[in-house]
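Here is what each chain is made of, one letter per residue.
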Amino acid sequence: MLSRRLLRIKVIKALYSHFKSESDTLIVSEKNLGFSIDKTYQLYHLLLSLIVDVQQYAEKKIEIGKNKMLPTTEDLNPNLKFVENRVVARIADNDELLSYLTVNKLSWSNYPELIKKIYSNMIVKDYYKNYMDSGKDSFAEDMQFVINFYSNDLEDMQELEDVVEEQSIYWADDVAFGLILVVKTLQNMSEHKQQFRLLPKYKNDDDKVFAQQLFRASLVNNKEYFAYIDEFTENWELDRIAYMDRIIMIATIAELLACPTIPVKVTLDEFIEISKYYSTPSSGTFINGVLDKIVDKLKKENRIQKQGRGLIEN
């Protein structure tokens, strides 16, 4: 399921695109936001299927070795542990995943060089060698190998990032999030059940409306929120303030005011952390300082109203 942090990032990107376009209506931008969220959920499914393609590539290499004119002993007696991995087999046979990939036309079939590169990287890693040579045979070991594959080989692989972005601009920066979802799916898999459930797109109904609510509140009230920001940055030249910083701050204000069940500290910590990755190196400190002043003002105006146990402000 997509995390609140990812949904916040999607909202920030959609807001940035909306304000920079100067032409998209709220309805159009909101549709783009929904499409972007859907695309990340698609990427999760595509990444989950990736190890199946790598395994199939390994099988083909084994067959090529057996059919050599002068095969070696190793060619004739290959180590089949990876190609017989039970967890990979369950991924390959999962009806829900296969149906989703087919309906959404998702596949790695057009990227054989990527699969070859991933395989070549994998077989020189210690976790692969240890797995192939362990002499053990258990579902738990198969599972740990697949988790290691997704945790060790893919997150910082530039070739994968390039292929993913080539397929969809909406997948830029989403590989790490997709891999987290894949690992969660694997960890929920049971040895005693052949079929496993994929993660839902949203954790609950609240998450389902969260992104739309945050996006609408940010857009509808953006002039008011920008005014708060301008009040506490009046000694700064506008061109010295990163535009993304301003976008992040209006989204923060929107969440503070429009989401009564989310603690103030959670909202501030989340957006400040996001700013470290999506704006300038100094943005976190700058945004933190400005938002502290804005929160104080909003509290004095009695505008921050929190609901629920432990959230009501004294």
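Calculation criteria
- Residues numbered from 1 in each chain as written.
- Predicted model: local features only at pLDDT ≥ 70, side-chain atom pairs only at ≥ 80, totals over all residues.
- Heavy atoms only, no water.
- Patch = residues over 30% accessible without salt bridge, like charges linked within 9 Å, V, L, I, M, F, W, Y side chains within 5 Å.
- Areas by Shrake-Rupley, 256 points an atom, 1.4 Å probe, with all protein chains shown as cover.
- Salt bridge = Lys/Arg side-chain N within 4 Å of Asp/Glu carboxyl O.
- Lys, Arg positive; Asp, Glu negative; His and termini not counted.
- Charge placed at Lys NZ, Arg CZ, Asp CG, Glu CD.
- Helix = DSSP H or I, 4+ residues; strand = E, 2+ residues; numbered from the N terminus.
- Buried < 20%, exposed > 50% of the residue type's maximum accessible area, 1.4 Å probe, protein only.
- Phe/Tyr/Trp six-rings, centres within 6.5 Å; stacked < 30°, edge-to-face > 60°.
- Polar contact = N/O pair within 3.5 Å; in protein donor to acceptor, adjacent residues only side chain to side chain.
- Contact = heavy atoms within 4.5 Å.
- Axes fitted to C-alpha atoms, helices over the stretch in contact; angles between N-to-C directions.
- Parallel < 35°, antiparallel > 145°, perpendicular 65-115°, else oblique.
- Left-handed = near helix turned anticlockwise from the far one by under 90°.
- Nonpolar A, V, L, I, M, F, W, Y, C, P; charged D, E, K, R; others polar.
- Core = buried A, V, L, I, M, F, W, Y, C linked by side-chain atoms within 4.5 Å.
- Expected span 1.5 Å × (residues − 1).

S.K.: Describe a negative patch on the surface, and please don't skip the residues or the numbers.
M.R.: A surface patch of like charges, here negative, comprises Glu-159, Asp-162, Glu-165 and Glu-166. Structurally, Asp-162 can be placed in helix α10 (residues 158–167). Note on Asp-162: relative accessible area 43%, which makes it partly exposed.

S.K.: Pulling in residues and values, what's your account of the packing of aromatic side chains?
M.R.: Inspection of every chain in the model, using the stated rule, returns 12 aromatic pairs. When the centroid spacing of 6.4 Å and the interplanar angle of 75 degrees are considered together, the rings of Phe-82 and Tyr-128 count as edge-to-face. Separated by 46 residues along the polypeptide, Phe-82 in the loop between α4 (73–76) and α5 (86–92) and Tyr-128 in helix α8 (residues 126–133) bring together distant segments of the chain. Per residue, the accessibility class of Phe-82 equals that of Tyr-128, and both read buried.

S.K.: Give me the lowdown on the side chain of Asp-174, citing residues and values where you can.
M.R.: In this fold, Asp-174 is placed in the loop between α10 and α11 (175–187). For Asp-174, the side chain forms a polar contact with the side chain of Lys-10, separated by 2.7 Å. Apart from residues no more than four positions distant in its own chain, Asp-174 is found in contact with Leu-6, Lys-10, Thr-40 and Leu-43.

S.K.: Now, about the packing of helix α13 (residues 222–231) against helix α14 (residues 243–258): what can you tell me, with residues and values included?
M.R.: For the pair α13 and α14, the least separation of the axes is 9 Å and the interaxial angle reads 110 degrees. Judged by the angle between their axes, α13 and α14 are roughly perpendicular. Judged by the twist between their axes, the crossing of α13 over α14 is right-handed. The segment α13 lies against α14, with Asn-222, Tyr-225, Phe-226, Tyr-228, Ile-229 and Asp-230 engaging Arg-246, Met-249, Ile-250, Ile-253, Ala-254 and Leu-257. Here the contact of α13 with α14 is composed, by residue class, of 9 nonpolar, 1 polar and 2 charged.

S.K.: Mind laying out the nonpolar core, listing which residues take part and the relevant values?
M.R.: Membership of the largest hydrophobic core comes to 103 residues, with the highest contact counts inside it found for Phe-82, Ile-91, Trp-108, Tyr-150, Leu-160 and Leu-186. Looking at this core element by element, the count peaks at 9 residues for α14. Each residue touching Trp-108, except ones within four places of it in the same chain, is listed here: Leu-46, Leu-47, Ser-49, Leu-50, Asp-53, Leu-114, Ile-115, Leu-160, Val-163, Val-164 and Gln-167.

S.K.: I'd like to hear about the environment of Asn-79, residue by residue, with values.
M.R.: Mapping Asn-79 onto the fold places it in the loop between α4 and α5. In this structure Asn-79 comes out as partly exposed when scored by relative accessible area, which is 38%. As a C-alpha pair, Asn-79 and Ile-62 span 17 residues in sequence and 9.1 Å in three-dimensional space. When near neighbours in sequence (up to four residues on either side) are disregarded, Asn-79 contacts Ile-62, Met-132 and Asp-133. Within the local environment of Asn-79, its side chain forms a polar contact with the backbone nitrogen of Lys-81, the two atoms lying 3.0 Å apart. A distance of 2.9 Å separates a polar side-chain atom of Asn-79 from the backbone oxygen of Met-132.

S.K.: Requested: an account of helix α1 (residues 4–21), with residues and values cited.
M.R.: Between its terminal C-alpha atoms α1 stretches 26 Å, which fits the 26 Å expected from 18 residues at 1.5 Å a residue. For α1, every residue scored as buried is listed here: Leu-6, Leu-7, Arg-8, Ile-9, Lys-10, Val-11, Ile-12, Ala-14, Leu-15, His-18 and Phe-19. On its buried face, α1 sits against α2 (26–48), α11, α12 (205–220), α13, α14 and α15 (264–278). Downstream of α1 by a residue or two, Glu-22 has a phi angle that is positive, lying close to 60 degrees.

S.K.: Any details on the pattern of salt bridges? Residues and values, ideally.
M.R.: In the structure shown here, the tally under the stated rule is 19 salt bridges. One salt bridge connects Asp-153 with Lys-125, and the closest N-O pair in it is separated by 2.5 Å. Here Asp-153, found in the loop between α9 (139–152) and α10, pairs with Lys-125, found in the loop between α7 (112–122) and α8; they are 28 residues apart in sequence, far enough to count as distant. Residue Lys-125 is classed as partly exposed on the basis of its relative accessible area, which comes to 28%.

S.K.: Can you break down the environment of Ser-29 residue by residue, with the values?
M.R.: Assignment of secondary structure puts Ser-29 in helix α2. Residue classification places Ser-29 among the buried positions, given a relative accessible area of 3%. Sequence spacing of Ser-29 and Arg-216 is 187 residues, and the spatial spacing of their C-alpha atoms is 9.9 Å. The residues touching Ser-29, leaving out its near neighbours within four places in the chain, are His-18, Asp-24 and Phe-215. Among the polar contacts listed, one links the side chain of Ser-29 to the side chain of His-18, at a separation of 2.6 Å.

S.K.: Which residues make up the side chain of Asp-245, and what are the values?
M.R.: Tracing the backbone through its elements, the reader meets Asp-245 in helix α14. With residues up to four places along the chain from it excluded, the contact list for Asp-245 reads Ser-279, Thr-280, Ser-283, Phe-286 and Ile-287.

S.K.: How would you sum up the packing of α1 against α2? Please name residues and give values.
M.R.: In the contact formed by α1 and α2, the axes pass within 10 Å of each other and the chain directions differ by 140 degrees. Between α1 and α2, the angle falls in the class oblique. When you trace α1 past α2, the crossing you get is right-handed. Seen from α1, the contacting residues are Leu-6, Leu-7, Lys-10, Val-11, Ala-14 and His-18; seen from α2, they are Leu-26, Ser-29, Leu-33, Ser-36, Ile-37 and Thr-40.

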